[in-house]
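# Working through the structure, step by step
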Amino acid sequence: MKIQTKLILVVDDEENIRELLRESLEDEGYRVNVAKNGQEAVEKVRAMSPDTVLMDVKMPVMSGMDAFLKIKESQPDLPVIFLTAFGSSDLAISAMKSGAYDYLTKPFDIDEVRIKVKRALELRELSSLSGRTRPEDLPIINSDELVGQSPLMQEVYKQIGKVASSDATVLVLGESGTGKELVAKAVHNNSHRKDRAFVVVNCAAIPENLLESELFGHEKGAFTDAFETHIGKFEQASSGTIFLDEIGDMSLPLQAKLLRILQDGGFERVGGREHLTSSARVIAATNQDLTRLVSERKFREDLFYRLNVITLRLPPLRDRRGDTALLARHFLRKYTAKYGRDVTEIADQTLERLDAYDWPGNVRELENVIARAVIISQAHVLLPETVDLCSQPILRRREESPAPQDQPLVAQPGQPQPVAADGNGGLRLSDAIQQMEINMIRKALHESGGNKTKAAQILGISRKSLFNKIRDYKLQERDQ
């Protein structure tokens, strides 16, 4: 085996972790030195000039983050890889934005550690870093709404930390309900624009004939009912951030105008001649396949490339199983405080039920279920039967007998919804999802007194989506 001369500094207050990493890295031929706290790490970096540092975050005397910031003062280009059992979104974003090379959570895979060390050393060798500008030491804004410790979410936090300090356009991709707006807020809150406006526009929720005015504003008298000048969202965002949600639903003519403002920042209000400019950073999001829309000529190719400078992909909840319990407890705390309820915990059986479900509506669907369960719960513990009353039948126990196949798919309002069975007596997922949506739409319409705008807000979807579902399911005909 070829002898390595690179020196790795391992910093951890747990001796067993230090020795595990020392042995593993020495087996790779590296020289390894260790430190048991942040202060000792700072001293050894100054004295020994290691090539890479592996460092815990939570340590006595001096934390890993404090030590990291001191190390960056003297050796800004030294790759530092954090190792910690505390995988919060703020910590990961802070580490990456401050210039850490990478971030791994305990218990870690030792093979992954070896790979990260190898890549960090290669980066230092192959890159000329002496003239690179250091990242700004920006304070972290609370992003507790970003909940999750799964590997997929850790990657999202890392990407946010890397892109936040730039002004590049960001495209956030993910299924409905995955938290795209929260990611956009996290990018904004960790940027130098954090004290300026963060403006949200849902392109699917605003009628096409009004969206242009909403984005760019209009002059008095530009059209019927334009009784005064209206300042558009791009002007409101000014030098802040504008988040364009559901960008895939924007019409082609509006796409052309958006392309122009992305190219040179210029625009005119509807009915106006004055040339205006906006330096707002654009973050766009969609749950659609934009490459397919481009091939179908429903989305401009040049706009796609303008938006797709940096892409953040959010995983669906079904791919981050370990996060379901964390999210459920987070929403429990949120809604017990909001509604003044005394529900202090979630039963293990309830968590098992929640974790076994695929959540086609993702985090938004889980949040709605927990919110309703908190409201109707009569116990201090959230029980499975309470969650069942607030969710779709597929969450119920498997041992419950499914309804016969010849029963109607749509139950009467207020009654439990039957679940269709396939030819082998199993559940058909597509039917169960359809039944769930019908039940939830009816319940929301009942709670809102038939007000479709309020019903859409209860369901966490756009008004347009609600109208489409009412049409597709022919609910008005069935309810007559």
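Here's what I pulled together on the structure shown here. (Residues numbered from 1 in each chain as written. Predicted model: local features only at pLDDT ≥ 70, side-chain atom pairs only at ≥ 80, totals over all residues. Heavy atoms only, no water.)

## Considerations on the nonpolar core
Core analysis: the biggest nonpolar cluster contains 36 residues, and L366, I370, L382 and I441 have the highest contact counts within it. Those elements that provide at least two residues to this core are α13 (324–339), α14 (348–356), α15 (362–376), α17 (429–447), α18 (452–459) and α19 (463–472). With seven residues, α15 is the single largest residue contributor to this core. Apart from residues lying up to four places away in sequence, I370 is in contact with A328, F331, L332, L354 and L382. Counting residues in each nonpolar core, the second largest holds 31 residues, with L259, F267, V282 and L307 among its members. (Core = buried A, V, L, I, M, F, W, Y, C linked by side-chain atoms within 4.5 Å. Buried < 20%, exposed > 50% of the residue type's maximum accessible area, 1.4 Å probe, protein only. Helix = DSSP H or I, 4+ residues; strand = E, 2+ residues; numbered from the N terminus. Contact = heavy atoms within 4.5 Å.)

## A word on the environment of E345
Relative to the helices and strands, E345 resides in strand β13 (residues 345–346). A C-alpha to C-alpha distance of 7.7 Å links E345 and L332, two positions 13 residues apart in sequence. The contact partners of E345, leaving out residues within four places of it in the chain, are L332, H380, V381 and L382.

## Remarks on the pairing of strand β1 (residues 7–11)
Most of β1 is tucked away, with five of its five residues classed as buried. Side chains of β1 alternate between two faces, with L7, L9 and V11 and I8 and V10 buried alike. Sheet analysis places β1 next to strand β2 (residues 31–35), joined by five bridges and oriented parallel. Bridging across to β2, V10 finds its partner in V34. (Pairing = 2+ DSSP bridges.)

## Looking at the packing of aromatic side chains
By convention here, two paired aromatic rings are described through the distance between centres and the angle between planes. A complete count under the given rule lists seven aromatic pairs for this structure. On the basis of an interplanar angle of 5° and a centroid distance of 5.7 Å, the ring pair of F216 and F234 is categorised as stacked. Residue F216 is located in helix α8 (residues 208–216), and its partner F234 is located in helix α9 (residues 233–237); the two are separated by 18 residues in the primary sequence. Overall, the relative accessible area of 2% leaves F216 in the buried class. Among the residues examined, F234 registers a relative accessible area of 1% and is labelled buried. Arranged with centres 5.8 Å apart and planes meeting at 20°, the rings of Y335 and Y339 form a pair that is stacked. With Y335 and Y339 both in helix α13 and four residues apart, this pair spans about one turn of that helix. Judged by relative accessible area, Y335 falls into the buried class, the value being 8%. Taking relative accessible area as the criterion, Y339 reaches 37% and is therefore assigned partly exposed. (Phe/Tyr/Trp six-rings, centres within 6.5 Å; stacked < 30°, edge-to-face > 60°.)

## Thoughts on the sheet that holds strand β11 (residues 281–286)
Strand order in this open sheet of five strands is β7-β8-β11-β6-β12, and the pairing throughout is parallel. The open sheet terminates on both sides in strands that have one partner only, identified here as β7 (198–202) and β12 (310–313). Across the sheet, the mean angle separating the axes of adjacent strands is 20° when strand polarity is ignored. Note that strand β8 (residues 241–245) and β11 share four bridges and pair parallel. Looking at the pairing, L244 lines up with A284 of β11. (Axes fitted to C-alpha atoms, helices over the stretch in contact; angles between N-to-C directions.)

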